[in-house]
Structures are given as structure tokens and as C-alpha cells.
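Observations on the three-dimensional arrangement
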Amino acid sequence: MVGTIRFPHLGIHLDHVIKSVPVGGFEIACYGMVLAAAMVTGILLVMKIADTTGQKGDDYFDLGIIAIIVSVICARIYYVIFSWDYYSTHLAEIFNLRQGGLAIYGGVIGGVITVILFCRFRKLSYKMVLDTAVIGLVWGQVVGRWGNFFNREAFGEYTDNILAMQLPVEDVRSYEITEKMKEHIQTVDGISYIQVHPTFLYESLWNLCVLLLLLWVTYRVKKRFQGMIFLAYLLFYGAGRFWIEGLRTDQLLLPGTSLPVSQILSGILVVVSLILIIVGKRQKGTQDYESKRTTDKPD
């Protein structure tokens, strides 16, 4: 592995970006460490928000531990299902997460199911819990996308824009190098580089904007209905993902088609969540969310 990552138009040249760290004879993948950091800090953030909004942070700690396990499993299942052409002949690799292969939408589906079941058991409002827990989810996406940076994955087609990223050819999986990338290979100091959209960075920055928006709604918008923050996440994350997914070269495709499944799902979520927000505000009107934290019965 060469280990170099360059952003030529920004003048950034990183010479020793490692993929893993040796610990006691084992290699601990940076991808895994980044995801672990995203999960832990996400739980801590949600617990803090819960405490400052009249809820019990301990409930979210318990939920977070369960939801992380379920979401990782579901994220992997989702990825494997839509990459079955490969995994059907590489069954042993289904359980190998060191090289990535977690689909966020699979994780979201698993997380939502976990929240609903958890809230039934604890007698909590699942809509309120989704509104709070989604803050930790989007923070986890902001941080977690940098695991793709260390893995040299989740990038887009060739570009020459200001954020263009250069990766050594030998550090990238060969089947992810397109003909257009090959046409624009550059050699610097004897190393051949492809130049691509850093879509992991686009999504991390977009998610940061979504996070700030959701925090603003959480603390500044008192007149809203339960579940609106979660729907706002689906709306704005889905809009960004719809655009970014179109740039990526490692898309998961709907079986038997050339349609990116995450792009289709993003488009559906944008439309459905927007409709639900409009209907929710018209049917229920604006309500004082602060007072409803203590008066609402579980959904």
C-alpha cells in the first residue's frame, strides 16, 4: 500500500494514511475504530440532549447499545442482499467487515424497528424517541463517513473540481476504477493516481448541515408535532443522498436493473416525508412540544 491521499487543488498531500493499526499481533482497521467512535459519541450526544429536554438519558443509553448491534447487522444484511452477485460466490466474506460494506439505510431500518419495540417495552412515545435518537444517528454519519476515507472507498467518478481527491491506483479495488478514471490517471513522483469525487466528504459535510438544522429545530422550534424532527432528517438527508449517490461508482443496484437502490429509496423518502410533514402540521396544527413531553401517552 502506498498510503498517500492528495487533494491537489487544495494543496493537501497526506503521505501516510494508514488502513489499520497493529495491536498485539492483530490489525485493527481504522474503519472499525472510526465507526466505534461515531457510535460512542452519538450515544453520549443523545443522552445529553435527552437530559436537557426533560427525558431520561439512561433510557437512551440502553436503547443505543441495543440499536447499534441491530443496526450493524441490518446494515450488513442490506449491503449483502444488494451485492449478492459477489457474495454468492464469496460466502466467507459476508462476515468480514474490515473492508467496509455497511449500508446506512439498512442500519436506519434496523434502528427504527428497535426503537418501536424498545418503546413498547419501556412504555415510551416512539415518535418522541425517534426525534431525539435521530440526532445521534446523523452525528454518527458525520463521523462514520471518515471510515470510508481510511478505506479508500465510497468515492465518485472522475472530477477536476476544487475538492477533487487523488488516490493511488494500487490502493483502490481494481473493479472500482472506471474507464473515465483510467483516461485521467496522473503520475506524480512515480505513483499513478486516479482523481475522483470525494463523495464520503460530500456526505459528511451535508450531514453536518442536517445535524445543525435538527439541533436548531430541537431547541428553537417549540411548536411542532412529535415525529417531525425524524421526518425532517429523512427529508434532508434523503435529498442530499439522492444527489451524492448519483456521483458514486460503487452503487448498490436494484436486482436485474441498473438503478441505484439507495437513490431510489432516497427519492421515495424525500417525497413521503415531505407529505407527512405537511399533513402532520395541517391535521394536528402547531403544538407546544415542551408541554407534550410530560403529557403524551406512549404511541
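This write-up is about the structure you can find in this document. Numbering of residues starts from 1 in every chain and runs along the sequence as written. Only residues with pLDDT of at least 70 get local features here, since the model is predicted, and only at 80 or more are side-chain atom pairs given and counted; chain-wide, interface and lining totals rely on the full set of residues. Computation of side-chain values: all heavy atoms of the structure, hydrogens and water removed.

Some thoughts on the packing of aromatic side chains
The condition is simple: For this analysis, a ring pair means two rings from Phe, Tyr or Trp (six-membered ring only for Trp) whose centres lie within 6.5 Å, classed as stacked if their planes differ by under 30 degrees, edge-to-face if by over 60, and tilted for the remaining angles. Helix and strand assignments come from DSSP, with helices taken as H or I runs of at least 4 residues and strands as E runs of at least 2, each series counted from the N terminus. Note on classification: 1.4 Å probe, protein chains only; a residue is buried when its accessible area is under 20% of the maximum for its type, exposed when over 50%, partly exposed between these limits.
Going through the model one piece at a time under the given rule, you end up with 11 aromatic pairs. Ring centres of W146 and F200 lie 5.0 Å apart, and the angle between their planes is 80 degrees; on these two criteria the pair is classed as edge-to-face. One end of the pair, W146, is in helix 6 (residues 146-151); the other, F200, is in helix 8 (residues 199-220), and 54 residues separate them in sequence. By relative accessible area, which is 31% here, W146 ends up partly exposed. Taken together, the ring pairs in this structure connect Y105, F230, Y233 and Y237 into an aromatic cluster.

A few points about the pattern of salt bridges
A side chain of one charge can pair with a side chain of the opposite charge if their charged atoms are brought near each other. The criterion, for reference: We define a salt bridge as a contact between a side-chain nitrogen of Lys or Arg and a carboxyl oxygen of Asp or Glu at a distance within 4 Å.
Going through the model one piece at a time under the given rule, you end up with nine salt bridges. E176 is the partner of R173 in a salt bridge, and the nearest nitrogen-oxygen pair spans 3.2 Å. Note on R173: relative accessible area 25%, which makes it partly exposed. Its relative accessible area of 6% is what places E176 among the buried residues. Linked through salt bridges whose partners overlap, the residues forming this network are R145, E203, R241 and E245.

Describing unusual backbone geometry
Of note, K123 is a non-glycine position whose phi angle comes to about 60 degrees, a positive value. Backbone geometry places A154, a non-glycine residue, at a positive phi of 55 degrees. In this structure, A154 sits in the loop between helix 6 and strand 5 (165-168). Judged by its relative accessible area of 3%, A154 is buried.

Focus: helix 9 (residues 228-245)
For clarity, the cut-off: In this analysis, the expected span of each helix is defined as 1.5 Å times one less than the number of residues it contains.
The end-to-end C-alpha separation of helix 9 is 25 Å, in line with the 26 Å expected for 18 residues at 1.5 Å each. Buried residues dominate helix 9, accounting for 14 of its 18 residues.

Re the nonpolar core
Note the threshold: As used here, the term nonpolar core means buried Ala, Val, Leu, Ile, Met, Phe, Trp, Tyr and Cys residues forming a set that is joined through side-chain atoms within 4.5 Å. Note on definitions: a residue-residue contact is assigned when non-hydrogen atoms from the two residues lie within 4.5 Å.
Grouped together as the largest cluster of nonpolar side chains are 41 residues, with contacts concentrated most on Y60, L63, L214 and Y233. Of all the secondary structure elements, the ones that give two or more residues to this core are helix 1 (30-52), helix 2 (57-81), helix 4 (104-122), helix 5 (126-144), helix 8, helix 9 and helix 10 (261-284). Among the elements that make up this core, the one with the highest residue count is helix 9 (nine residues). Beyond its immediate chain neighbours, meaning those up to four positions away, Y233 contacts V108, V134, L137, V138, Q141, V210, L214 and G238.

Observations regarding the pairing of strand 4 (residues 26-29)
As a reminder, the rule being used: Here, strands pair whenever DSSP counts at least two bridges between them.
Here four bridges tie strand 3 (residues 20-23) to strand 4, and the two strands are oriented antiparallel to one another. Looking at the pairing, V23 lines up with F26 of strand 4. Counted between consecutive antiparallel strands, the loop separating strand 3 from strand 4 contains two residues, among which G24 sits at a positive phi close to 55 degrees.

Quick look at the environment of G32
Structurally, the position occupied by G32 is in helix 1. For the pair G32 and F150, spaced 118 residues apart in sequence, the C-alpha separation works out to 10.0 Å.

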